[in-house]
Amino acid sequence: MFSPRDRLSDIELSRRDRIIVYYLTGLLALVLVYAAVYNVVMARLEGVDQSIFASIEFVAQTMTTTGYGQDSGHWSHPVTYLFVILTQVSGIGIGFFTLRLIIIPLFTDAEVNLDDRLSRKEDHVVICEYRRDSAVLLEELRELGIDYVLISSSKEDAKNLSDEGYAAIHGSPQDVSAFERASIGDARAVITDAGVANVNTILTVRSVRPDVEIIALTDDSDLRDVLRSTGADSVLSPHGVLGHRLAEKAVSSFSAELTDTIDLGADVEVVEIPVAHGSRLVGMRIRDSRIRERTGANIIGAWIDGELQLPPDPDAVIQPNTVLLVTGGHEALEAFSEFTRSRRSLRKHERIVLVGHGEVGRAARSVVEESGIDFVTVDIEERDGVDIVGDAGSRSVLREAGVERSDAIVVGLPDDSASLLTTVLARSMNPDAEILVRVSDADATRKALSAGADYVLSVPRVSARMVARELRGEDVITPSTQIRIVRVSAAPFAGRTLAESRIYEETGCRVIAVEDDTGPSVAVDPHQRFTGDERLTVVGSDEAIQRFRKRFDVPSLETES
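Okay, so let's go over this structure. All values derive from a computational prediction rather than experimental measurement.

Of the two faces of strand β15 (residues 408–411), the one carrying Ala-408 and Val-410 and the one carrying Ile-409 and Val-411 are both buried. As paired strands, strand β12 (residues 352–355) and β15 are joined by 4 bridges and run parallel to one another. Note that in β15 the partner of Leu-354 across the bridge is Val-410. Judged from the 4 bridges that link them, β15 and strand β16 (residues 434–439) form a sheet pairing that is parallel. Within the sheet, the bridge partner assigned to Val-411 lies in β16 and is Val-437.

See below:
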């Protein structure tokens, strides 16, 4: 069903779909031509005057081999017999062609050329070997209106993505022909996430399109300079960003000074603050917490049981893994952070346990080292910087690391099953500890919260946000949070008030600041009439922000530094 804004001319068909449309149109035309010729033949050669509908029925019966029609007794002229034979033979041929083109691909696992499924591409993005849950990124791009073609060296992965409706083809990103099939000549950018083959991929792209923008993703931040010197225009390291964010959360939860706030202007900031185990807020309804009266901060949202509430239900009960989204002045937010910490965290800090010493763990360690807080690192492999070598899924290893007397545990393991096991064990050994977890699968976020984590970031979500920010120039204020905050133009809402725009009702997003010529204001008046020149700061989950952009077609703004 089309929405009022949809037009038939906006519909893009893949090559295979276009062939089917052409085929069915041609078949219909052939039936009508046969019927018209047969009608003339019967009238002039056989002396039978019949309606065109009777002639269409004869052609349909004959071409489908269901019979030769009730007219067979009227034939005597040789031309009539020759025409009937032509109709019969062509009907058999068309039947086989229909079987191969439409029936078999629909009802069997017959070999399908994925290239045939691609619609025409212009100003699109070519994605090579994306390894961070491709569906999360592709859905993000599709909702943002950014066209793409994904090249995967795994035939099975490419087919599965294509079967799910994504524009994916099978090929090697080190093969020029794969890029030609992906229409790189008309592409706006290339994203490569091919691991050790990134350099090879970049050189291949440069040999085909020296002028195209190349964005490289890497799990090893030490390769940033190498990739840039090879030809990448920008290099993204999601694991490093994620590790820094988790460590900043851990450090800020043990200090009255907040370092991970987001500045909205007008001396107002926004921050995500996990409610620690043992906090005085645990078990209290939001309406009874009297946060504003006690600290001056405002609760504008909350992650409760893995679901983002904007605004939160006043009767919602604050649990140990609840993450509150709060705005206010810096001093008010620090007072709120102090208010939410557990009573144990008010004592002198002992240590932070960093589980996993890969890219995420090393990034987290750099933040903790700068804070001056004691820490211990755990990894299953012996390497520089690892204090305890062992499996973090073992209670004895965690006990050796001092989990029972630590105030925070940052779990940065690459395997989600190992992360969940470590989280459950750490929570059972230390009910009051702050546990912050990285997961590799976006769907594992809720599982980690159920396992006892206080704060969770997923690699696919962070990666997709970073790529979208790089591609679209979208003003994503920070990509490494559980929520998404963007600045957008108010042009689509010109002449309407915030209440009339129904942004929250239709998308689940909330406007938390409005900026005009006089500067930003977080005292959002729902009855203020927009001129269209304002900038709105909008907050929501990934899905809500996607709905917001799709519903209101909000233009992008340049990213601020």
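A separate point is the sheet that holds strand β13 (residues 375–379). Taken in spatial order, the 6 strands line up as β14-β13-β12-β15-β16-β17 in an open sheet, and their pairing is parallel. Looking at which strands have only one partner, the edges of the open sheet turn out to be β14 (388–389) and β17 (455–458). Sitting on the sheet, helix α17 (residues 459–472) touches β16 and β17, and the angle it makes with β17 is about 60 degrees.

We now examine helix α5 (residues 155–163). Listing the buried residues of α5 in full gives Ala-158, Leu-161 and Ser-162. One side of α5 holds all its buried residues, which, seen down the axis, span an arc of 100 degrees. On its buried face, α5 is in contact with α4 (134–143), β2 (148–152) and β3 (168–170). Trailing α5 by a residue or two, Gly-165 shows a phi angle of about 100 degrees, which is positive.

Contact geometry of α4 with helix α20 (residues 542–552) gives a least axis separation of 9 Å together with a crossing angle of 25 degrees. With respect to each other, α4 and α20 are oriented roughly parallel. Here Glu-139, Glu-140 and Glu-143 of α4 lie close against α20, whose contacting residues are Asp-542, Gln-546 and Lys-550.

Cut-off values and rules
Residues numbered from 1 in each chain as written. Predicted model: local features only at pLDDT ≥ 70, side-chain atom pairs only at ≥ 80, totals over all residues. Heavy atoms only, no water. Buried < 20%, exposed > 50% of the residue type's maximum accessible area, 1.4 Å probe, protein only. Helix = DSSP H or I, 4+ residues; strand = E, 2+ residues; numbered from the N terminus. Pairing = 2+ DSSP bridges. Contact = heavy atoms within 4.5 Å. Axes fitted to C-alpha atoms, helices over the stretch in contact; angles between N-to-C directions. Arc of directions from axis to C-beta. Parallel < 35°, antiparallel > 145°, perpendicular 65-115°, else oblique.

All we've got here are geometric facts, nothing functional implied.
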